[in-house]
Amino acid sequence: MVNIFLTGATGYIGGDVLYKFATLDTSKFRVSCLVRSTDKAAQMSKAYPSVRIVQGNLDDSHIIEHESRNADVALHLASTGHSGSAAAIARGLNERSTQRPGYWVQISGATLLAGQEIAEKRFGSKGDRVFDDMSDAEDILTLISKNPKRVVENLVISQDSFKVKAALVIGPLIYGEGRGPVNTRSIQAPEIARLTLQEKEGFRLGEGRNSWSNIHVHDLSNLVLELVGAATSAKSGVWNKDGIYFPENGQMEFGELSSRIAAAAQSRSLIPDATIKRVISADEAEVFMAHGSILWGTNAVGKSSRARSRLGWKPSGASLENEILNIVQCEAEKRSKQIGF
Ligand SMILES: NC(=O)c1ccc[n+]([C@@H]2O[C@H](COP(=O)([O-])OP(=O)(O)OC[C@H]3O[C@@H](n4cnc5c(N)ncnc54)[C@H](OP(=O)(O)O)[C@@H]3O)[C@@H](O)[C@H]2O)c1
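Note that the coordinates shown come from a computational prediction; the quantities given were computed from them, not determined experimentally. (Residues numbered from 1 in each chain as written. Predicted model: local features only at pLDDT ≥ 70, side-chain atom pairs only at ≥ 80, totals over all residues. Heavy atoms only, no water.)

S.K.: Before we move on, could you go through the nonpolar core and cite the residues and values that matter?
M.R.: Core analysis: the largest hydrophobic core is formed by 63 residues, its most contacted members being W104, L257 and W296. Of the residues forming this core, the biggest block, 6 residues, is contributed by helix 10 (residues 254-267). If near-sequence neighbours (up to four positions away) are discounted, W296 is found in contact with Q188, E191, I192, L195, F203, L205, N210, F254, I280, A285, F288 and M289. (Core = buried A, V, L, I, M, F, W, Y, C linked by side-chain atoms within 4.5 Å. Buried < 20%, exposed > 50% of the residue type's maximum accessible area, 1.4 Å probe, protein only. Helix = DSSP H or I, 4+ residues; strand = E, 2+ residues; numbered from the N terminus. Contact = heavy atoms within 4.5 Å.)

See below:
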């Protein structure tokens, strides 16, 4: 029996990962989830009666430390930047009483790779760098260690590998409907679709030549599952300095994403014209969506060599191109419910 402590279960990523574990052989995993709201805890218990709910929030360090000490694997999927909870996980896993190390899978975000553009406020322009998570792992580790603001990532990569085996999963643009009990929606592509429908026209940020890699949320969950499998089989060469993962199933320029979303909306008669005429600035993007300039305007392209070669993982979910109509339809349904027709 593997004891898993999971954060973010009511969220998009954590919820989909939880679905994956909860639908597997429950005699193999005992899952405990940190949930902060009593209403959502009730929803969780209804959906997954065998999952243990730990009531608390990310600032409850003592609870997180205690749960991590008793876990074999901590899946910290709630936040890329909450340093207190990450520190509590590190303490808990380091203090485990057994001889076996504790395992930690931490979600991170691909803006990690765009520090230069963010510093220079360069948004919407074409990038030229592809980060291969194996051959460029040293460069990624250097980007992390040279950036003191990346407290969580620095904590993950500094773990003593005899005590804690840690993996950093750098999330690119994640798409597809989540299968979790509460939030099933991602951010970057759905927000473009939402605004396209709201404004009745497509738009792009600046030249729209910047790209991110992308991955279907089901494929991301499969990677987390593979990592838990690697923990239970004590697989080597996949943790700590060898534990940087950038899962992806292709890349797309944001201008193309906007055009495809507008075309899908027009094909369903949701907007009159699919041509992108509106070009927004980084400041406008910030008004439309929190961190819009960074999440729609930077480059973050990678190659997921490590999971493919070390874990035998490969993406099998629909491509972003093939999901765009679903994204638009989901947003259209939400919009009709909100405006009441
Ligand atoms: N979606 C993407 O494309 C993507 C890509 C890369 C990285 N990321 C990052 O990965 C993380 C998770 O993303 P997501 O899309 O799954 O976000 P999400 O849907 O907003 O889920 C966040 C989860 O964390 C929980 N949470 C947040 N703050 C908490 C707190 N103070 N105490 C307890 N629980 C807390 C939320 O609980 P409640 O339900 O109570 O709010 C929810 O379960 C975020 O940091 C996000 O920036 C996301």
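On we go from here.
S.K.: Before we move on, can you summarise the pattern of salt bridges with the specific residues and values?
M.R.: Inspection of the entire model under this criterion finds 20 salt bridges. When the shortest N-O distance is used, the salt bridge between R150 and E153 registers 3.2 Å. Each member of the pair R150 and E153 is classed as buried. Residue E256 pairs with R260 through a salt bridge whose shortest N-O separation is 2.7 Å. Of this pair, E256 and R260 both sit in helix 10, separated by 4 residues, roughly a single helical turn. The partly exposed category is assigned to E256, whose relative accessible area is 32%. (Salt bridge = Lys/Arg side-chain N within 4 Å of Asp/Glu carboxyl O.)

S.K.: Kindly report on the sheet that holds strand 8 (residues 173-175), identifying the contributing residues and their values.
M.R.: An order of 8-10-12 is seen for the 3 strands of this open sheet, with the pairing classed as mixed. In this open sheet, the two strands that pair with only one neighbour each are strand 8 and strand 12 (251-253). Mean inter-strand twist for the sheet, computed between neighbouring axes without regard to direction, equals 40°. Pairing analysis gives 3 bridges linking strand 10 (residues 211-216) to strand 12, with the strands arranged antiparallel. Paired with S213 across the two strands is Q251, which belongs to strand 12. (Pairing = 2+ DSSP bridges. Axes fitted to C-alpha atoms, helices over the stretch in contact; angles between N-to-C directions.)

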